[in-house]
Amino acid sequence: MIEAVLFAAGHPLGYDRIGQLLGLSPREARDKMHQTAEKYNAQGADKGIIMLAFDDCCQLCTKEEYSQFVKTALGIRRGGNLSNSSIETLAVIAYNQPVTRVYVDTVRGVDSSYAVNSLLERGLIEPRGRVDAPGRPMLFGTTPDFLRCFGLTSLEELPSVGDGISLLSALDNMTIDDIAGNDEESGTGESGQQ
Amino acid sequence: MEQPTLHLEKYEGPLDLLLSLVEKNKMDIADIEISLICDQYMEYISTAEDMNVELACEFILMASELMVIKSRMLLPRTEPDAEDPRAALSEALLIYKKAKEAASLMLPLYTEYSGRAVKDEDEIKPDNELPTGLDPESLSRVLRYMLMRLDAQEKAESSHLRPLVRAKVASVTDNIVRIVGRIRREKNVSLYSLLEDAQDRSSLIASFLALLELIRERQLLLDIPKAENEDDERGEIDFDVCVRLSDDAGKKDFTKKKSELDRI
């Protein structure tokens, strides 16, 4: 039954909706869907689709090994590769979300607005509210589509980087002014306050 | 130490360039030789200028920041525990390095999994209802009915057409001959009786035309009884009126006119 609903929806279906259908709470629905997805995928060796169960929603999608056929059959030329700047931007956002564009600019050392917009358009990142600071800059985070395109089911599955230093904590003590040697300002590297 | 050669390497930003220089020089990020790095950095920038390659403005900004750090390093430190002027730069480089690393870990995942396709949203609109409960039987039934109707129509049409196709050509001349003959035999004939012999419309018309022609030629005379009332003068044609041949009937030569009449 869930399979039918997921198919008809196409887009990720939240566990609250699924919970309603099954008469379960959202959390129970999530646990159940994780189990269901595992079974579904295990039994689906010769199926063309798999069931993805994320933290707050689930979705049906095609298996990546068939992606070329799907693209040819439907005449899709979208997708394509991510540029270096896009993937750097995406990495900064993914590991530190939610963050502002300025935060990304600071980490990368360059203006990232083009990359941010491009990622927004592809549906890999989404707005997550605004910071209560001058200018009220927008915060960004990743989407379930991001997880799907990277073969992850949750953010915890992001590959660990280096010796585990969080990018965020390191940035706490830094501003662009600091790099220039202006020691009067204390660290305001927290997103959005520059 | 490699110098940027004929083709200028493209960097994502000044941090990218610096990181590359630091690695090429096999330096520790925590302990950068600012002087050397600064020189190499400036060399890159001037080479880029020589080659008319446009660099993002952040590169120039970083150049000035490097200068500041370099000059700070040259000055004797006034306070022993003052912050290392390079510290901020080191931090920035470290963070950027991690971001790059993360990006390189993520890229193969994207290459592998981004081909996954999902169905578009909203393909099924709530108010777009296809009719239900149809069965193929009703389709074939309706088709049969339509064919029958079509058949009937065709038959009807052909029965209409047949008379037209088969109708004889009624000759006016023949009728003239017939009428004259009849009047000679029967002396007094009514118009009505002359016309009633016609079997179909074409013959009727031919007969009528024959009569008109005879009258025109004054071969035929109509005996019109006196109207009983004055009002009847301009009444309808009374087909009981008798006709008789005029005295010189038959003397006129009809043959010349025959072809003319037949064309009517």
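> Before we go on, may I ask you to explain the overall build of chain A in this structure?
Of regular secondary structure, chain A possesses 10 helices and six strands. Buried positions account for 45% of the 194 residues belonging to chain A. Put simply, 44% of the contacts in chain A that link residues at least 6 apart link residues at least 24 apart.

> Mind showing me how you'd approach the packing of helix α6 (residues 172-186) of chain B against helix α8 (residues 201-216) of chain B here?
A packed helix pair is summarised by two numbers, namely the angle formed by the two axes and the spacing between the axes. Residue and element names in this part refer to chain B. Between α6 and α8, the shortest axis-to-axis distance is 8 Å and the interhelical angle comes to 65°. As far as their axial angle goes, α8 and α6 are roughly perpendicular. For the pair α6 and α8, the sense of crossing is right-handed. Contacts between α6 and α8 involve V172, N175, I176, R178, I179 and V180 from the former and S203, A206, S207, L209, A210, L211, E213 and L214 from the latter.

> I keep staring at the sheet that holds strand β2 (residues 49-53) of chain A and nothing clicks. Help me out?
Strands in a sheet are paired, the pairing made by backbone hydrogen bonds, and the direction either parallel or antiparallel. Residues and elements named next belong to chain A. Read from one edge of the open sheet, three strands run β1-β3-β2, paired in antiparallel fashion. The sheet is open, and its two edges are formed by β1 (13-14) and β2, each paired on a single side. Against the sheet, helix α1 (residues 2-9) engages β1, β2 and β3 (57-62), with an angle of about 75° to β3.

> For this particular structure, what's the right way to read the confidence of the model for chain B?
In low-pLDDT segments, the atomic positions of the prediction should not be examined closely. All names here are of chain B. Here chain B averages 75 in pLDDT, and 70% of its residues register 70 or above. At the low end of the mean pLDDT range in chain B sits helix α9 (residues 255-262), at 49; at the high end sits helix α1 (residues 14-24), at 91. Scored below 50 in pLDDT, residues 229-236 shows one contact in the model against residues more than four places distant or in partner chains. Below a pLDDT of 50 lies the segment residues 251-257, which in the model reaches eight contacts outside its immediate sequence neighbourhood of four places, other chains included.

> Honestly, the pairing of β3 of chain A in this entry has me stumped. Any pointers?
The side chains of a regular strand alternate between both faces of the sheet. All names here are of chain A. Counting buried positions over the six residues of β3 gives six, a clear majority of the element. Both faces of β3 are covered, namely the face carrying C57, Q59 and C61 and the face carrying C58, L60 and T62. Bridge count for β2 against β3 is five bridges, and the pairing is antiparallel. Within the sheet, the bridge partner assigned to I50 lies in β3 and is C61. Hairpin connection between β2 and β3: a loop of three residues separates the two successive antiparallel strands.

> Any chance you could explain the nonpolar core here in plain terms?
For soluble globular proteins, the rule of thumb is that nonpolar side chains tend to be buried together. Grouped together as the largest cluster of nonpolar side chains are 34 residues, with contacts concentrated most on L82, L90, L124, I125, F146 and F150 of chain A together with M106 of chain B. Those elements giving two or more residues to this core turn out to be β2, β3, α5 (84-96), α6 (101-108), α7 (113-122) and α8 (144-149) of chain A together with α4 (87-113) of chain B. Not counting residues up to four positions away in its chain, the partners in contact with L82 of chain A are I87, L90, L119, R122, L124 and F150 of chain A together with Y110 of chain B. Within the second largest apolar cluster, 27 residues are counted, among which are Y11, I29, M62 and I69 of chain B.

> What's the story with the pattern of salt bridges in this structure? I'm lost.
For side chains bearing opposite charge, pairing can occur when the charged atoms are close. If you walk through the whole model with that rule in mind, you get 14 salt bridges over all chains. In this structure, R86 of chain B engages D31 of chain B in a salt bridge whose closest nitrogen and oxygen atoms are separated by 2.9 Å. Of this pair, R86 of chain B sits in the loop between α3 (57-74) and α4 while D31 of chain B sits in the loop between α1 and α2 (34-50), placing them 55 residues apart in sequence. Overall, the relative accessible area of 10% leaves R86 of chain B in the buried class. In this structure, a network of salt bridges that share partners links the residues E88 and R108 of chain A together with E12 of chain B.

> Explain the interface of chain A and chain B to me, please; I cannot follow it from the model alone.
In many analyses, interface size is given as the accessible surface area lost on bringing the parts together. Across the contact, 57 residues belong to chain A and 37 residues belong to chain B. Carbon and sulfur atoms make up 66% of the surface buried where chain A meets chain B, a total of about 4,200 Å² over both sides. On inspection of chain A and its partner chain B, the count reaches seven residue pairs in polar contact (both at pLDDT 80 or more).

> For this particular structure, what's the right way to read unusual backbone geometry?
With the exception of glycine, the majority of residues adopt a negative phi angle, and the majority of peptide bonds are in the trans configuration. P98 of chain A follows Q97 of chain A through a cis peptide bond whose omega is 0°. Within the chain, K26 of chain B stands out as a residue other than glycine whose phi angle is a positive 55°. Topologically, K26 of chain B is positioned in the loop between α1 and α2.

> What's the story with the packing of helix α2 (residues 15-22) of chain A against helix α3 (residues 26-42) of chain A in this structure? I'm lost.
All names here are of chain A. Packing of α2 against α3 brings their axes to within 8 Å, and their N-to-C directions diverge by 90°. As far as their axial angle goes, α3 and α2 are roughly perpendicular. Contact residues: α2 offers Y15, D16, I18 and G19, while α3 offers P26, A29, R30, M33 and H34. Its residues assigned to classes, the contact of α2 with α3 comprises five nonpolar, two polar and two charged.

> Just to check I follow, could you spell out the packing of aromatic side chains for this structure?
Centre-to-centre distance and the angle between the planes together describe a pair of aromatic rings. Throughout the structure, instances matching the rule amount to four aromatic pairs over all chains. A ring pair is formed by F146 of chain A and F150 of chain A, whose centres lie 4.7 Å apart and whose planes are at 40°; its orientation type is tilted. Here F146 of chain A matches F150 of chain A in class, with each residue buried. Where Y44 of chain B meets F59 of chain B, the ring centres are 6.5 Å apart and the plane angle is 25°; that geometry is what we call stacked. In this pair, Y44 of chain B sits in helix α2 while F59 of chain B sits in helix α3, placing the two residues 15 residues apart along the sequence. Classification of Y44 of chain B as buried rests on a relative accessible area of 3%. These aromatic residues form a ring-pair network of at least three members: F146 and F150 of chain A together with Y110 of chain B.

Calculation criteria
Residues numbered from 1 in each chain as written. Chains lettered and ligands numbered in written order. Predicted model: local features only at pLDDT ≥ 70, side-chain atom pairs only at ≥ 80, totals over all residues. Heavy atoms only, no water. Helix = DSSP H or I, 4+ residues; strand = E, 2+ residues; numbered from the N terminus. Buried < 20%, exposed > 50% of the residue type's maximum accessible area, 1.4 Å probe, protein only. Contact = heavy atoms within 4.5 Å. Axes fitted to C-alpha atoms, helices over the stretch in contact; angles between N-to-C directions. Parallel < 35°, antiparallel > 145°, perpendicular 65-115°, else oblique. Left-handed = near helix turned anticlockwise from the far one by under 90°. Pairing = 2+ DSSP bridges. pLDDT = per-residue confidence, 0-100. Core = buried A, V, L, I, M, F, W, Y, C linked by side-chain atoms within 4.5 Å. Salt bridge = Lys/Arg side-chain N within 4 Å of Asp/Glu carboxyl O. Buried area = accessible area lost by both parts, 1.4 Å probe. Polar contact = N/O pair within 3.5 Å; in protein donor to acceptor, adjacent residues only side chain to side chain. Nonpolar A, V, L, I, M, F, W, Y, C, P; charged D, E, K, R; others polar. Phe/Tyr/Trp six-rings, centres within 6.5 Å; stacked < 30°, edge-to-face > 60°.

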